[in-house]
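The chain contents come next:
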Amino acid sequence: MTDSAVPGDGEAPFLDVVMPFWGDPLQFRLAVESVLAQDSGGWRLTILDDAYPDRAPGEWAAGLADPRVTYLRSPENRGVNGSFREAVRLATAPYSVIMGCDDLMLPGYARRIRQLTQAFPTASYVQPGVEVIDAEGRVARPLADRVKAALRPRLDGHTRELGGEALAASLLRANWTYFPSIAWRTDALKQFDFRPDYEVVLDLALQIEIVESGGTMVLDDVPAFRYRRHAASVSSWRAAEGSRFAEERRYLAEAAAGMRRRGWTRAAREASLRATSRLNALSVLPRALVSRDGAGTRALIRHGIGR
């Protein structure tokens, strides 16, 4: 691919795509190729290899003959939180996306993000339209994503800018966003960053901090990204064995207290109820029963019944 084949590549990048890598090499390659296939310019890709044991995927990435791509290998494994925080440190373009190494950008992602950020220049972050795919790359509608769609604010074909207590309450009822697809204003990302004490709810905690500070989200429904949902993901694995819900419970209790101090009673109530988190725990209970994970089963039951 030459520079002339991608409009706008001679300009300074407006979008940093930072992709931490640890996972399936084939899905990683497809993710990188989806960025390279963007139909507009103004982006650059930084790959953060989190000391993946097999060096072959990194060698392939390092060998890409594209000046917009940078490959970096960590000397040691940082884990999810450490990789995300390093991604924030490296981002310098006006907007940033921390993309999953198993997800896919549709060709118009960068173009759509540019359109939305120009239309809403003061918004702190953008949630574009997302399609969910399974492990084989087929468009799918798992239960979790049907619930997300039902609880997400209605757009009726119109892009909306959301904020304040209404957005906080909606997110605390159910985090219906797709973190790897979100384009963040880089200055907001650096101001708040990811908290070091979370690994599963770190994106929700970041959003709530931004919203509490007066920041806003742009919500769009034009498909621009494909989010891969499969059982091998970190969040799915931790959900099955119960630790995800312990972290969710701890964060939501903290968020409820913060909302009460702010006087956002509706948001505090949603955080205290943690209704969708409890229902999610009960939905994965059969998996724990089949695996005969006694500790996980007990943890899921306790969380599901609200104790």
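Above: the structure in question.
Because the structure is a prediction, the values reported are computed rather than measured.

About the cut-offs
- Residues numbered from 1 in each chain as written.
- Predicted model: local features only at pLDDT ≥ 70, side-chain atom pairs only at ≥ 80, totals over all residues.
- Heavy atoms only, no water.
- Phe/Tyr/Trp six-rings, centres within 6.5 Å; stacked < 30°, edge-to-face > 60°.
- Helix = DSSP H or I, 4+ residues; strand = E, 2+ residues; numbered from the N terminus.
- Buried < 20%, exposed > 50% of the residue type's maximum accessible area, 1.4 Å probe, protein only.
- Lys NZ or Arg CZ within 6 Å of the ring centre and 35° of its normal.
- Core = buried A, V, L, I, M, F, W, Y, C linked by side-chain atoms within 4.5 Å.
- Contact = heavy atoms within 4.5 Å.
- Salt bridge = Lys/Arg side-chain N within 4 Å of Asp/Glu carboxyl O.
- Axes fitted to C-alpha atoms, helices over the stretch in contact; angles between N-to-C directions.
- Parallel < 35°, antiparallel > 145°, perpendicular 65-115°, else oblique.
- Nonpolar A, V, L, I, M, F, W, Y, C, P; charged D, E, K, R; others polar.

Q: Looking at this structure, I do not really get the packing of aromatic side chains. What am I missing?
A: By convention here, two paired aromatic rings are described through the distance between centres and the angle between planes. In total, this model carries 12 aromatic pairs according to the counting rule given. With a centroid separation of 5.1 Å and 45 degrees between ring planes, the pair formed by F84 and F179 is classed as tilted. Of this pair, F84 sits in helix α3 (residues 79-90) while F179 sits in the loop between α6 (164-173) and β8 (183-185), placing them 95 residues apart in sequence. Comparing F84 with F179 shows no difference in burial state: the two are buried. A centroid spacing of 6.2 Å and a plane angle of 55 degrees characterise the contact between F179 and W184, whose relative ring orientation is tilted. Each member of the pair, F179 as well as W184, carries the same accessibility label: buried. An aromatic cluster of three or more residues is present, and its members are F21, W22, F28, Y52 and W60. Its end group placed over the ring of Y178, K148 keeps NZ or CZ at 4.0 Å from the ring centre. The ring of W264 has R262 sitting right over it, with the charged end atom 5.2 Å from the ring centre.

Q: Please clarify how the side chain of T46 should be interpreted in this entry.
A: You can see T46 is positioned in strand β2 (residues 43-49). The class for T46 is buried, based on a relative accessible area of 14%.

Q: Help me understand the nonpolar core, please; the structure alone is not making it clear to me.
A: Generally speaking, a soluble globular protein has its nonpolar side chains buried in company with each other. Grouped together as the largest cluster of nonpolar side chains are 42 residues, with contacts concentrated most on Y125, L172, F194 and Y251. Of all the secondary structure elements, the ones that give two or more residues to this core are α3, α6, α7 (186-192), α8 (202-212), β9 (216-228), α10 (243-262) and α11 (265-273). Here the element with the most residues in this core is α8; it accounts for seven residues. Setting aside its immediate chain neighbours within four residues, Y125 contacts L167, L171, I182, A183, W184, R185, Q207, I210, V211, T216, M217 and V218. Counting residues in hydrophobic clusters, the runner-up holds 34 residues, among them A61, A110, I113 and A123.

Q: Hey, could you run me through the pattern of salt bridges in this one?
A: Working definition: two side chains of opposite charge can pair if their charged atoms are close together. Scanning all chains against the criterion turns up 18 salt bridges. Across the pair D197 and R195 runs a salt bridge, and its minimum N-O distance is 2.8 Å. A single salt-bridge network, built from bridges that share partners, covers R195, D197, R250 and E254.

Q: I'm lost on the packing of α8 against α10 in this one. Help?
A: For any two helices packed against each other, the geometry is given by the interaxial angle and the distance between the axes. Remark: α8 packs on α10, axes separated minimally by 12 Å, with the N-to-C direction vectors making an angle of 5 degrees. Viewed along their axes, α8 and α10 adopt a mutual orientation that is roughly parallel. Between α8, through L204, A205, I208 and E212, and α10, the contact on the second element is made entirely by Y251, G258, M259 and R262. Considering only residue class, the contact of α8 with α10 consists of five nonpolar, one polar and two charged.

The analysis is restricted to geometry; functional conclusions fall outside its scope.
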